[in-house]
Amino acid sequence: MRYNKVYLIIICLLLAALAIVFNTFPRSTFSELEKRELARFPEFTTERLLNGTFTYEVSSWFSDSEPFRDHFMWLNMQVKDLIRLNTGDENVSFHAAKTKPEDHIASETKKVTIPPKTEEPYVYENHITANENAKITHAGIIIVGSGKKVRALMAYGGSENGSTGYAQAANQYKDSFPDVNVYCMVIPTAVEYYCPDKVRNRTCPQRPTITHIFRNLSAKVKPVDIYAELGRHANEDIYLRTDHHWAALGAYYAAKKFAEVAGVPFRPLSAYDKKIIHNFVGNMYGYSQDIAVRNAPEDFVYYVPRDVAYSTTYTDYTIDKNYRVVSMGSPHQGTFFQHFKNGSGAAYCTFMGSDARITRVETSTHNGRRLLILKDSFGNAIPGYLFYSFEQVHVIDSRYFTMNMVEYVRTNGITDILFANNIFKAYSNNTYTKYIKYLSQTTN
């Protein structure tokens, strides 16, 4: 009986301490783990109170902005890591966690039956992590290996016959701009090159989808097939281990392949200054909610061109909480390569600082070639390698553009258009429909 009383006292004290923390300590406003702004206390109006909106948003704010949010999530991950379920002899384990995807890219695809293998001119074989141990974590993220070389992979769910719309968008741009060179690049993601054999059935192959896209391109659109180029360099750091993006080195090899197809000059890495941001942990820590990712920071390496002058002009968009454009600012000068401290989780924003803007780079290269890159965030790492190749480089994100594309291309004298999207975005109907919409929409 005495032990029961002690136990009850401890529980009561613990609950009282938690009540004090959650109700009196400062609320969290930003989650470094989830890389997002947390909910803010809602604005009060009588109408919002009567229709229930205000009380609902207060409840959301209270749960979303809890004090020490990241610390509690870190503790939760530690516990999950201890209680993860082992499936047996194949060294594949599953965390006791939700399986609903949190990532905006992962949620754009659905799991489908893996298509049959097709004959390809280049077949990549994983000799790097094929025999590694693996575990499936929150949102189906695959964690490969252990210790300081842990790698987090996002499973792909696309089919062999998907992404026709992406090819059609490139074809329609060529029809709209017959005098402009149009190129189509599909960027594979890390799971294609580093998925262990034991969990290969958790993801679909990407090569068949890429081949299907290229087969649906008009003969006048030039494919930029970087699949084999990346495969030949997969033993290098071409993808980030702790983030869903590729590394700057992967973008270098892709840019090199594009320059070959476009017939423009290209410089080797020796023409660049190597920069390093140490102790980088990317967004796969938050998506997977696996402490192993947090405990395996990596170097974020990027390359700044030498012996070429360039100036960058940005036109920024203001977006709301639903990522919709609400206004467009005036053009202003800025720095193409942003600077982040060691340990910053925002290091991938080194390139242009944001997706929600139009970027125009004027270079000292004079060859009459002006490039427009239509991209998602993977494409951010490409432009810096092309300052030796084009006299102007324009960058537009697939999600944020409020002008008329025909007007923009003609006004700026664009000679080359490159579609450069990762395979998740290329597979998304939303990407295709937006690109087509930009051709006819009225400039706001």
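In the block above lies the structure referred to throughout.
This write-up is about the structure you can find in this document.

Criteria and thresholds
- Residues numbered from 1 in each chain as written.
- Predicted model: local features only at pLDDT ≥ 70, side-chain atom pairs only at ≥ 80, totals over all residues.
- Heavy atoms only, no water.
- Buried < 20%, exposed > 50% of the residue type's maximum accessible area, 1.4 Å probe, protein only.
- Helix = DSSP H or I, 4+ residues; strand = E, 2+ residues; numbered from the N terminus.
- Pairing = 2+ DSSP bridges.
- Contact = heavy atoms within 4.5 Å.
- Polar contact = N/O pair within 3.5 Å; in protein donor to acceptor, adjacent residues only side chain to side chain.
- Axes fitted to C-alpha atoms, helices over the stretch in contact; angles between N-to-C directions.
- Parallel < 35°, antiparallel > 145°, perpendicular 65-115°, else oblique.
- Left-handed = near helix turned anticlockwise from the far one by under 90°.
- Nonpolar A, V, L, I, M, F, W, Y, C, P; charged D, E, K, R; others polar.
- Core = buried A, V, L, I, M, F, W, Y, C linked by side-chain atoms within 4.5 Å.
- Phe/Tyr/Trp six-rings, centres within 6.5 Å; stacked < 30°, edge-to-face > 60°.
- Lys NZ or Arg CZ within 6 Å of the ring centre and 35° of its normal.
- Expected span 1.5 Å × (residues − 1).
- Arc of directions from axis to C-beta.

For a regular strand, side-chain orientation follows a simple rule: the groups alternate between the two sheet faces. Within strand β16 (residues 370–375), five of the six residues are buried, which leaves the element mostly enclosed by the surrounding structure. Here six bridges tie β16 to strand β17 (residues 392–397), and the two strands are oriented parallel to one another. If you follow Arg-370 over to β17, its bridge partner there is Gln-392. In the sheet, β16 pairs with strand β18 (residues 416–422) via five bridges, with the strands oriented parallel. In the strand pairing of β18, Lys-375 is matched with Ala-420.

Our focus in this paragraph is the environment of His-394. Its location among the elements puts His-394 in strand β17. With a relative accessible area of 0%, His-394 lands in the buried category. For the pair His-394 and Ile-358, spaced 36 residues apart in sequence, the C-alpha to C-alpha distance is 7.4 Å. In this structure, His-394 is in contact with Thr-359, Arg-360, Leu-371, Leu-372, Ile-373, Tyr-408, Asn-412 and Ile-414, ignoring residues within four places of it in sequence. Polar contacts involving the side chain of His-394 include one to the side chain of Gln-392, which spans 2.8 Å.

Here β18 lies mainly inside the structure; seven of its seven residues are buried. Because side chains alternate across β18, one face comprises the buried residues Asp-416, Leu-418, Ala-420 and Asn-422, and the other comprises Ile-417, Phe-419 and Asn-421, equally buried.

Here we come to the packing of helix α5 (residues 164–176) against helix α14 (residues 429–440). Where α5 meets α14, the axes come as close as 8 Å, and the angle between the chain directions of the two elements is 15°. Looking at the two axes, α5 sits roughly parallel to α14. Here the hand of the crossing between α5 and α14 comes out left-handed. From α5, Gly-165, Tyr-166, Gln-168, Ala-169, Gln-172, Tyr-173 and Ser-176 reach across to α14, where they touch Tyr-432, Tyr-435, Ile-436, Tyr-438 and Leu-439. Looking at side-chain class alone, the contact of α5 with α14 contains eight nonpolar, four polar and no charged residues.

Further remarks concern the nonpolar core. Core analysis: the biggest nonpolar cluster contains 122 residues, and Tyr-173, Met-185, Trp-246, Phe-258, Met-405, Ile-417 and Phe-419 have the highest contact counts within it. If you tally residues by element for this core, the top one is helix α9 (residues 248–262), at ten residues. Setting aside anything within four residues of it in sequence, one finds Met-405 in contact with Tyr-173, Phe-177, Leu-372, Leu-374, Ile-396, Tyr-438 and Leu-439.

Further remarks concern the packing of aromatic side chains. Tallied over the entire structure, the rule returns 33 aromatic pairs. Summarising the aromatic geometry, the rings of Tyr-183 and Phe-258 are spaced 5.0 Å apart at their centres and angled 90° between planes, so their arrangement reads as edge-to-face. Taken together, the positions of Tyr-183 in strand β8 (residues 181–187) and Phe-258 in helix α9 put the pair 75 residues apart, joining distant regions of the chain. For the pair shown, Tyr-183 and Phe-258 are each scored as buried. One aromatic cluster is present, built from ring pairs that chain together Phe-280, Phe-300, Tyr-302, Tyr-310, Phe-336, Phe-337, Tyr-348, Phe-351 and Phe-387. A cation over a ring is seen here: Arg-151 above Tyr-194, with NZ or CZ 3.9 Å from the ring centre.

Positionally, Val-395 belongs in strand β17. Judged by its relative accessible area of 1%, Val-395 falls in the buried class. Ignoring anything within four residues of it in the chain, the contact list for Val-395 reads Met-352, Arg-357, Ile-358, Thr-359, Leu-372, Ile-373, Lys-375 and Pro-383.

Secondary-structure assignment places Asp-355 in the loop between β14 (332–334) and β15 (357–363). Only 2.9 Å separates the side chain of Asp-355 from the side chain of Lys-375, close enough to count as a polar contact.

Compared with an ideal rise of 1.5 Å per residue, which puts twelve residues at 16 Å, α14 spans 18 Å between its outermost C-alpha atoms and is within 8% of the ideal. Every buried residue belonging to α14 is among Thr-431, Tyr-435, Ile-436, Tyr-438 and Leu-439, and all of these are buried. An end-on view of α14 places all buried positions within 150° of arc, on one side of the element. Along α14, exposed side chains directed more than 90 degrees from the buried face belong to Asn-429 and Ser-440.

That's the geometry; what it means functionally is another story.
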